[in-house]
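Breakdown of the fold
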Amino acid sequence: LSFGLIGCKGKDEEPTLQETLETAVGSIVLENVATLASNLVLPEKAGGEYDIVWTVSESEYAEIGTNRSGAPMLKVSRPESTEGYKAFVLTATISKDGATASREWEGYVKPLAEGVQVLTAAGVKAAEVNASVLIQGKVLIVCKSAGFWVADETGAVYVYGTPGDVQPGDTVTVAGSKTIYYTLVEIENPGIVVDEEGDGTYPYADVAT
């Protein structure tokens, strides 16, 4: 006996434009927004091709803006500890030739730590180790992979963590825990909000000296 098997394979169908958009919007990668304590730079394109329009649900604690490079940014304002986490819904929408696809992320703005102390740089240095502190000042020197110095009229304190989009001369609000690394006073686990971007003329080298 002999047997023969003949198979027929149909030609793969091309995805529709709607399917292509849905795949593209599904490929967007964001940092965790479940407990957001800092401004978040957002992707500009989905699938490397489609411009993303970002919107956020009405909230006094989260809004869409842009950074100095013109990239979209989710800007946050942290509530007091007694107010708890503040919810928002972030939406990405892409469109082409009348077809549209959207995707949502539910997130929360993290409140300040209970008992947080609003301090100057000198005050942070004098605070108890592990105290929850908040300081507002100007960014002095940025170490791209490890943090930055924030300065006010009383001195400067090192902020240990990924600096994100901050640049020398930016006015920032930083909240975190006061720690000491060997002899260096640091603010660890920081929540960083850029209140005002610098114009590139801040004399940080002179101030650093």
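Residues numbered from 1 in each chain as written. Predicted model: local features only at pLDDT ≥ 70, side-chain atom pairs only at ≥ 80, totals over all residues. Heavy atoms only, no water.

A tally of helices and strands in the protein chain yields 3 helices and 14 strands. Compactness check: the protein chain gives a C-alpha radius of gyration of 23 Å against a globular reference of 17 Å for 209 residues, more than 25% above the reference. Split into buried and exposed, the 209 residues of the protein chain put 40% on the buried side. For the protein chain, the computed accessible surface area is about 12,300 Å², with 49% contributed by carbon and sulfur atoms. Charge separation in the protein chain, taken as the distance between the mean sites of 14 positive and 30 negative side-chain charges, equals 4 Å. (Helix = DSSP H or I, 4+ residues; strand = E, 2+ residues; numbered from the N terminus. Rg over C-alpha atoms; globule rule 2.2 N^0.38 Å. Buried < 20%, exposed > 50% of the residue type's maximum accessible area, 1.4 Å probe, protein only. Areas by Shrake-Rupley, 256 points an atom, 1.4 Å probe, with all protein chains shown as cover. Lys, Arg positive; Asp, Glu negative; His and termini not counted. Charge placed at Lys NZ, Arg CZ, Asp CG, Glu CD.)

Judged by nonpolar contacts, the single largest core of 26 residues is most densely connected at Ile28, Trp54, Leu74, Phe88, Leu90, Ile94 and Trp105. Looking at this core, the elements that each hand over two or more residues are helix H1 (17-26), strand S6 (72-76), strand S7 (86-96) and strand S8 (99-109). In contact with leucine 90, not counting residues within four places along its chain, are Leu30, Leu42, Trp54, Thr55, Val56, Ile64, Leu74, Arg103, Glu104 and Trp105. Among the nonpolar cores identified, the runner-up in size contains 19 residues, and Val133, Val139, Ile192 and Val194 belong to it. (Core = buried A, V, L, I, M, F, W, Y, C linked by side-chain atoms within 4.5 Å. Contact = heavy atoms within 4.5 Å.)

Turning our eyes to something else, we now look at the side chain of aspartate 152. Relative to the helices and strands, aspartate 152 resides in strand S11 (residues 147-152). One polar contact links aspartate 152 to threonine 154, side chain to side chain, over a distance of 2.7 Å. Leaving out residues up to four positions away in the same chain, aspartate 152 has contacts with Thr120, Ala121, Ile135 and Gln136. (Polar contact = N/O pair within 3.5 Å; in protein donor to acceptor, adjacent residues only side chain to side chain.)

Here we come to the sheet that holds S8. Strand order in the open sheet formed by 3 strands is S4-S7-S8, with antiparallel pairing between adjacent strands. Two strands in the sheet have a free side with no partner beyond their single neighbour: strand S4 (53-56) and S8. Averaged over neighbouring strand pairs, the angle between their axes works out to 20° when direction is ignored. Relative to S8, S7 runs antiparallel, the two sharing 11 bridges. Within the sheet, the bridge partner assigned to lysine 96 lies in S8 and is alanine 99. (Pairing = 2+ DSSP bridges. Axes fitted to C-alpha atoms, helices over the stretch in contact; angles between N-to-C directions.)

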